[in-house]
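Report on the structure
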Amino acid sequence: MSAELLNGSRLAQRVRSRIRRSVKDLKFTPGLAVVQVGDDPASTLYIKHKQRDCEKVHFHSEVHRLPADISQETLIVHIEALNGRVDIHGILVQMPLPAHIEKEAVIDTIMPEKDADGLNPVNLGNLLINREGVTPCTPTGIIRLIELSGKKIEGKHAVCVGRSPLVGKPVGLMLLNRNATVTYCHSRTADLPAATERADILVVAIGKTEFITAEMVKPGAIVIDVGINHVNGRAIGDVQFAAVKEVAGFITPVPGGVGPMTRAMLLENTLKLAIGD
Ligand code: NDP
């Protein structure tokens, strides 16, 4: 039997409708500031999507485009100015940054109370001690997609393939906080299939086109494909979708799975920060 599709686009639409309703009841407009350093075309496109999302939920959004050769000090001063603005509730710095800028120093500068991406060490630290506040967008979206399956997370064996601070590591912590038993896999894992085939919940975030085959998946598993690999102008996931969907119980498509939920969670984080929740 074919797996049930976990439709991220549809779920994201529902999230946005809920946010729009919440914004109507507010006496102010939530504001998101996006900082772009340089003019990487992919970043420009992602930012355009974020702005469009903000419009849909009636947030104020502004983009601060700074030159690629800006010094780290000047960039930090710019972010500090945004930290001080009362009309800006969420700040995010679009990655990647030019090589001469230390990413961590920039993320550290964003006040935890305005950290729309949930990547400031304070917010990640709170996640570590199971005091989830603002959590990173992609992992939060993944949890919502797993919940959409209607299956309980508690007691399940979750396997995260990939351990980046952006996706793999925090999603593993979020699953652990929800009482899953979590295994992390990465490029040095000795026998990857032995781990993945025991997963009730399999989260794959490695950036390798169709790396996960049907043989690596436990029948009935929930498979979350985070990967976005650009092949001949198309976005392809880290999972062999056609084959794996014949084995899995639930699966996210690429595109239309994790991607739209990542964007929706950015809006949710901004609202959370705006209302001080
Ligand atoms: P990173 O490159 O930061 O991390 C990749 C991880 O995969 C690393 O932990 C690496 O291991 C691991 N890995 C690489 N090769 C293998 C392998 N052969 N076997 C097992 N593990 C491996 O990537 P990100 O986490 O930032 O992103 C992962 C993917 O998700 C990308 O395709 C990215 O485009 C996509 N993405 C999608 C988002 C969305 O909204 N849909 C959001 C963010 C990312 P090690 O640590 O040992 O090097």
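Residues numbered from 1 in each chain as written. Predicted model: local features only at pLDDT ≥ 70, side-chain atom pairs only at ≥ 80, totals over all residues. Heavy atoms only, no water.

Side note on unusual backbone geometry
Look at the link from Met-95 to Pro-96: it is a cis peptide, with omega at 0°. Relative to the helices and strands, Pro-96 resides in the loop between β4 (90-93) and α4 (103-109). For His-58, which is not glycine, the phi dihedral falls at a positive 60°. Positive phi, close to 55°, is recorded for Asn-130, a residue that is not glycine. Along the polypeptide, Asn-130 turns up in the loop between α5 (121-128) and α6 (137-148). On the basis of relative accessible area, Asn-130 is assigned to the partly exposed category, the value being 46%. (Helix = DSSP H or I, 4+ residues; strand = E, 2+ residues; numbered from the N terminus. Buried < 20%, exposed > 50% of the residue type's maximum accessible area, 1.4 Å probe, protein only.)

Re the packing of α6 against helix α7 (residues 168-177)
Axis angle and axis distance: for two packed helices, these are the angle between their axes and the distance between the axes, and together they describe the pair. It is at 9 Å that the axes of α6 and α7 come closest, and there the two elements cross at 45°. Taken together, the axes of α6 and α7 lie oblique to each other. Seen from above, α6 lies across α7 with right-handed handedness. Seen from α6, the contacting residues are Pro-139, Thr-140, Ile-142, Ile-143 and Ile-146; seen from α7, they are Pro-170, Val-171, Met-174 and Leu-175. Looking at the contact of α6 with α7 residue by residue, the classes come out as eight nonpolar, one polar and no charged. (Axes fitted to C-alpha atoms, helices over the stretch in contact; angles between N-to-C directions. Parallel < 35°, antiparallel > 145°, perpendicular 65-115°, else oblique. Left-handed = near helix turned anticlockwise from the far one by under 90°. Contact = heavy atoms within 4.5 Å. Nonpolar A, V, L, I, M, F, W, Y, C, P; charged D, E, K, R; others polar.)

Details of the site of the ligand
The ligand sits among 20 residues. The nearest are Arg-163, Ser-164, Ser-187, Ile-228 and Thr-262. In this structure, an oxygen atom belonging to the ligand sits 2.5 Å away from a side-chain N or O atom of Ser-187. Look at the ligand: alone it shows 920 Å² of surface, and the protein chains cover 71% of it. Broken down by element, the residue count for the shell around the ligand peaks at three residues, all from helix α10 (residues 258-275). Class assignment of the residues belonging to the shell around the ligand gives a composition of nine nonpolar, nine polar and two charged. (Near = heavy atom within 4 Å. Polar contact = N/O pair within 3.5 Å; in protein donor to acceptor, adjacent residues only side chain to side chain. Areas by Shrake-Rupley, 256 points an atom, 1.4 Å probe, with all protein chains shown as cover.)

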